[in-house]
Amino acid sequence: MTVTERYREMDRQVREACEAAGRRREEVTLIAVSKTKPASDIRELAEAGVLDFGENYAKELVEKTEALALPLRWHFIGHLQTNKVRQVVGRAQMIHSVDSLHLGEAIGKESLRRGLETEILVEVNVGGEESKSGISPEELPDLLGSLREVPGIRVRGLMAIVPPVEEQDAARPYFEAMRRLLEEARREYPDLPLEHLSMGMTGDFRAAVREGSTMVRIGTAIFGERSYPNR
Ligand SMILES: *Cc1c(COP(=O)(O)O)cnc(C)c1O
């Protein structure tokens with residue numbers, strides 16, 4: 001199957017997941033996670049009308065946006081170091097992986113310097129895994145309270161990567177916890193436009209859609225398995 005055929009199949013599966021959850025397909029953005037994959041794959045999808053792509057590494061984001069020069073919507077979903085912020089602001093439509101005030105401030109500062117406002121999500125380590133980035137659920141209210149004061153950024157919601165599961169249903173408690181965290185944050189900060197829950201990958205997107213995901217980030221099911229030649 002071509003990348004476009006696999007994308008269409010995934011689009012169909014997201015539609016089914018929405019129907020099963022009693023949601024409209026338009027409520028969920030399918031982000032094609034193209035990390036480690038060549039620009040030619042992205043071009044093929046772009047020609048088929050796909051707009052939303054996800055990248056994890058600043059260097060790849062720079063290389064691909066420059067090679068493609070297409071009006072796509074890039075989502076930065078990887079761990080971001082403050083010294084890479086300059087490469088990402090202005091290229092990424094949204095940065096999903098903000099997990100400190102320091103990083104939020106760096107993004108805000110660079111955005112202001114360029115006369116922009118950057119949309120961000122706060123990454124939550126909802127599974128409490130040692131190896132994952134993201135803040136703990138307990139730290140979320142304070143971080144949101146601080147980030148909302150930072151000029152140059154707009155906090156639009158939350159992002160999570162949940163522990164790997166054998167079966168999609170096993171991930172549901174984590175996604176449900178994320179949904180609750182978003183609801184609580186909305187109550188606490190009604191002035192913030194908190195609309196998004198970026199959650200769900202190839203192995204768990206159905207469960208994520210069921211629990212209210214508004215952005216699923218799908219790599220493997222669209223582009224195939226990854227190898228990491230650049231790392
Ligand atoms: C790689 C990656 C994805 C895509 O994962 P797949 O399992 O290949 O669909 C989604 N989100 C993040 C943050 C990633 O790093």
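For the structure, check the block above.
Residues numbered from 1 in each chain as written. Predicted model: local features only at pLDDT ≥ 70, side-chain atom pairs only at ≥ 80, totals over all residues. Heavy atoms only, no water.

**Q** How would you sum up the overall build of the protein chain? Please name residues and give values.
**A** Tallying secondary structure elements over the protein chain gives nine helices and eight strands in all. Against the compact-globule benchmark of 17 Å for 231 residues, the protein chain has a radius of gyration of 17 Å, which places it among compact chains. Dimensions of the protein chain along its principal axes, counting C-alpha atoms only, are 45 × 40 × 30 Å. Looking at the protein chain residue by residue over its 231 residues, the buried ones come to 51%. For the protein chain, the exposed area adds up to about 11000 Å²; of that, 45% sits on carbon and sulfur atoms. Computed over 33 positive and 39 negative side-chain charges, the separation of the two mean positions in the protein chain equals 4 Å. (Helix = DSSP H or I, 4+ residues; strand = E, 2+ residues; numbered from the N terminus. Rg over C-alpha atoms; globule rule 2.2 N^0.38 Å. Buried < 20%, exposed > 50% of the residue type's maximum accessible area, 1.4 Å probe, protein only. Areas by Shrake-Rupley, 256 points an atom, 1.4 Å probe, with all protein chains shown as cover. Lys, Arg positive; Asp, Glu negative; His and termini not counted. Charge placed at Lys NZ, Arg CZ, Asp CG, Glu CD.)

**Q** Could you give an account of the side chain of Asn-125, with specific residues and numbers?
**A** With respect to the element layout, Asn-125 can be found in the loop between strand 5 (118-124) and helix 6 (140-147). One polar contact links the side chain of Asn-125 to the main-chain carbonyl oxygen of Glu-129, over a distance of 2.8 Å. Each residue touching Asn-125, except ones within four places of it in the same chain, is listed here: Lys-132, Ser-133, Gly-134, Ile-135 and Pro-137. (Polar contact = N/O pair within 3.5 Å; in protein donor to acceptor, adjacent residues only side chain to side chain. Contact = heavy atoms within 4.5 Å.)

**Q** So what's going on with the packing of aromatic side chains? Residues and values would help.
**A** For the coordinates displayed, the defined rule picks out one aromatic pair. Centre to centre, the rings of Phe-53 and Trp-74 are 5.8 Å apart; their planes meet at 40°, and the pair counts as tilted. Placement of Phe-53 in strand 2 (residues 52-55) and of Trp-74 in strand 3 (residues 73-76) is noted, with a sequence separation of 21 residues between them. Residue Phe-53 is classed as buried on the basis of its relative accessible area, which comes to 0%. (Phe/Tyr/Trp six-rings, centres within 6.5 Å; stacked < 30°, edge-to-face > 60°.)

**Q** Before we move on, could you go through the site of the ligand and cite the residues and values that matter?
**A** Near the ligand there are 13 residues, and of these Lys-35, Asn-56, Thr-202, Thr-220 and Arg-226 occur at the shortest range. A distance of 2.5 Å is found between an oxygen atom of the ligand and a side-chain nitrogen or oxygen belonging to Thr-202. Separating an oxygen atom of the ligand from a side-chain N or O atom of Arg-226 is a distance of 2.8 Å. When the ligand sits alone it has 390 Å² of accessible area, and the protein chains cover 90% of it. When its residues are assigned to classes, the shell around the ligand shows six nonpolar, four polar and three charged. (Near = heavy atom within 4 Å. Nonpolar A, V, L, I, M, F, W, Y, C, P; charged D, E, K, R; others polar.)

**Q** Tell me about the side chain of Thr-4, and name the residues and values.
**A** Relative to the elements of secondary structure, Thr-4 occurs in helix 1 (residues 3-20). At 2.7 Å, the side chain of Thr-4 and the side chain of Glu-44 are in polar contact. Non-local contacts of Thr-4, meaning those with residues more than four positions away in its chain, are made with Glu-44, Leu-45 and Ala-48.

**Q** Got a sec to walk through the environment of Lys-35? Specific residues and values, please.
**A** Residue position: Lys-35 is located in the loop between strand 1 (29-33) and helix 2 (39-47). Overall, the relative accessible area of 12% leaves Lys-35 in the buried class. Spatially, the C-alpha atom of Lys-35 lies 24 Å from that of Ile-153, the residues being 118 residues apart in sequence.

**Q** Explain the pattern of salt bridges residue by residue, including any values.
**A** As enumerated under the stated definition, the model contains 25 salt bridges in all. Where Arg-114 meets Glu-110, a salt bridge forms, and the shortest distance between an N and an O atom there is 2.8 Å. For Glu-110, a relative accessible area of 6% puts it in the buried group. A salt bridge links Arg-154 to Glu-117, with the shortest nitrogen-to-oxygen separation between them at 3.9 Å. (Salt bridge = Lys/Arg side-chain N within 4 Å of Asp/Glu carboxyl O.)

**Q** Could you give an account of the environment of Ala-221, naming the residues involved and the relevant values?
**A** Within the secondary structure layout, Ala-221 lies in helix 9 (residues 220-223). Owing to a relative accessible area of 24%, Ala-221 belongs among the partly exposed residues under this scheme. Ala-221 sits 60 residues away from Ile-161 along the chain, and the two C-alpha atoms are 17 Å apart.

**Q** Please give an account of unusual backbone geometry that cites residues and values.
**A** Even without being a glycine, Thr-36 presents a positive backbone phi close to 70°. Its location among the elements puts Thr-36 in the loop between strand 1 and helix 2. Residues other than glycine seldom take positive phi values, yet Ala-69 does so here, at roughly 45°. By the secondary structure assignment, Ala-69 is in the loop between helix 3 (58-68) and strand 3. Residue Ala-69 is classed as exposed on the basis of its relative accessible area, which comes to 64%.

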